[in-house]
Amino acid sequence: MTDATRLRQICLVVPHLEPVVGDIAAIMGLTVCYRDPNVARYGLENALLPVDTILLEVVAPFQGGTAAGRFIDKTGGRGGYMAILSCADPRERQKNAEAIGVRTSHVIDRAPYLGVQLHPRDCRAAFIEFNHTANSDNIRGPYPPAGPDWHTAIRDDVTLALTEVTLTSPDPRGLADHWGRIIGIPASGSGIDLVNCSIKVVEGENEIMSGLTFRVRDPAAVLRAAQARGHAVTAESFRLGGVDFHITA
């Protein structure tokens, strides 16, 4: 088992799953591995698509009064919802976060899975969750939120990796330092380096999770596919699911 903190999952919230999920799959060459029935208790439906060993989750509310629905109303649908990190001991991370004034929003304790979600207002920009699955290497091993055979849906003919998460803030260094304290990895400049991904904070008007960077085999082909699906392509990116998809070789 590895004790390294790694990006396990990114969650985007949209008003309706389609056409977002279909567009992500078609443009990025990804496959839905699972739709989690457990999220229905929160008035949500979802779909998860593996990008190598990181899960890209899209969530949509199907009833009123959900936290996800309030997020959409508050943000106008702009910005990612949650960064989910795997680690050896989520309870220790929870204790450390609470010591610096970051409250716990929700705990999911369903063996072998334990997830601690921190309050987005205290995290700033987006939710942070720490989780751990017992008897898993947190890489390609068991991961209940993504279903029993999630790793069999990994495709690499188009998209190779999710390499960077971009946060935006009027105070990039301050937000980077804050997330570094929560995660337990000191920020280097305006960024945090995890073992499988980096978190970059750039200057902007609002504090949001603004973008995701993907390494692909043929950037031009991916951007053409995005344009063909009706998305405006600017330089090397397009917007989908409330965030900018940055495409690199």
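Notes on the structure follow. This one's a predicted model, so the numbers in the text were calculated from it and none came from an experiment. (Residues numbered from 1 in each chain as written. Predicted model: local features only at pLDDT ≥ 70, side-chain atom pairs only at ≥ 80, totals over all residues. Heavy atoms only, no water.)

Ordered by their spatial adjacency, 7 strands build an open sheet running E9-E10-E8-E11-E14-E13-E12, and the pairing between neighbours is mixed. Each edge of the open sheet is held by one strand with a lone partner, namely strand E9 (191-193) and strand E12 (233-234). Two strands pair when backbone bridges link them, and strand E11 (residues 208-216) and strand E14 (residues 243-248) are joined in this way by 5 bridges, in the parallel orientation. The residue bridging Arg215 from the neighbouring strand is Thr248, located in E14. (Pairing = 2+ DSSP bridges. Helix = DSSP H or I, 4+ residues; strand = E, 2+ residues; numbered from the N terminus.)

For the rest of this paragraph, the subject is the packing of aromatic side chains. The geometry of two aromatic rings is summed up by the distance between their centres and the angle between their planes. If you walk through the whole model with that rule in mind, you get 5 aromatic pairs. Each ring, one from Phe71 and one from Tyr81, has its centre 5.0 Å from the other, and the planes form 70 degrees; the classification is edge-to-face. Highlighted residues: Phe71 in helix H2 (residues 67-75) and Tyr81 in the loop between H2 and strand E4 (82-86), separated in sequence by 10 residues. Site record: aromatic cluster; members linked through ring pairs are Phe71, Tyr81 and Phe127. Looking at Arg8, its charged tip hangs above the ring of Tyr143, at a distance of 4.6 Å from the centre. (Phe/Tyr/Trp six-rings, centres within 6.5 Å; stacked < 30°, edge-to-face > 60°. Lys NZ or Arg CZ within 6 Å of the ring centre and 35° of its normal.)

Right, let's talk about the sheet that holds strand E2 (residues 44-51) for a bit. The 7 strands lie next to each other as E2-E3-E1-E4-E7-E6-E5, forming an open sheet whose pairing is mixed. Edge strands, defined here as strands with exactly one partner in the open sheet, are E2 and strand E5 (104-110). Across the sheet, the mean angle from the axis of one strand to that of its neighbour is 20 degrees, orientation sign disregarded. The pairing of strand E1 (residues 6-13) with strand E3 (residues 54-61) spans 5 bridges and is parallel. When the sheet's bridge partners are listed, Gln9 is paired in E3 with Leu55. Helix-sheet contacts for helix H5 (residues 172-183) involve E4, strand E6 (113-118) and strand E7 (127-133), and the interaxial angle to E7 is about 25 degrees. (Axes fitted to C-alpha atoms, helices over the stretch in contact; angles between N-to-C directions. Contact = heavy atoms within 4.5 Å.)

This part takes up the pairing of E5. Two faces belong to every sheet, and in a regular strand the side chains alternate between them. Inspection of the sheet shows E5 paired to E6 by 6 bridges, in the antiparallel sense. Considered in E6, the bridge of Thr104 is made with Leu118. Once E5 ends, the chain turns through 2 residues before running back antiparallel as E6.

Right, let's talk about H2 for a bit. Every α-helix carries 3.6 residues per turn, so stepping three or four residues along brings you back to the same face. The complete set of buried residues in H2 reads Ala68, Gly69, Phe71 and Ile72. One side of H2 carries all its buried residues, which in axial view fall inside an arc of 155 degrees. In H2, those exposed residues whose orientation departs by more than 90 degrees from the buried face are Arg70, Asp73 and Lys74. Against the buried residues of H2 lie E1, E2 and E3. (Buried < 20%, exposed > 50% of the residue type's maximum accessible area, 1.4 Å probe, protein only. Arc of directions from axis to C-beta.)

With that out of the way, let us pick up the nonpolar core. Ranked by internal contacts, the top residues of the largest apolar core, which has 57 residues, are Met28 and Trp179. Broken down by element, this core gets its largest block of residues, 6 residues, from helix H1 (residues 20-28). In this structure Trp179 touches Ala83, Cys123, Arg124, Ala125, Ala126, Phe127, Ile128, Leu167, Ile192 and Ile199, once residues within four positions along its chain are discounted. Counting residues in each nonpolar core, the second largest holds 21 residues, with Cys11, Ile72, Tyr113 and Ala146 among its members. (Core = buried A, V, L, I, M, F, W, Y, C linked by side-chain atoms within 4.5 Å.)

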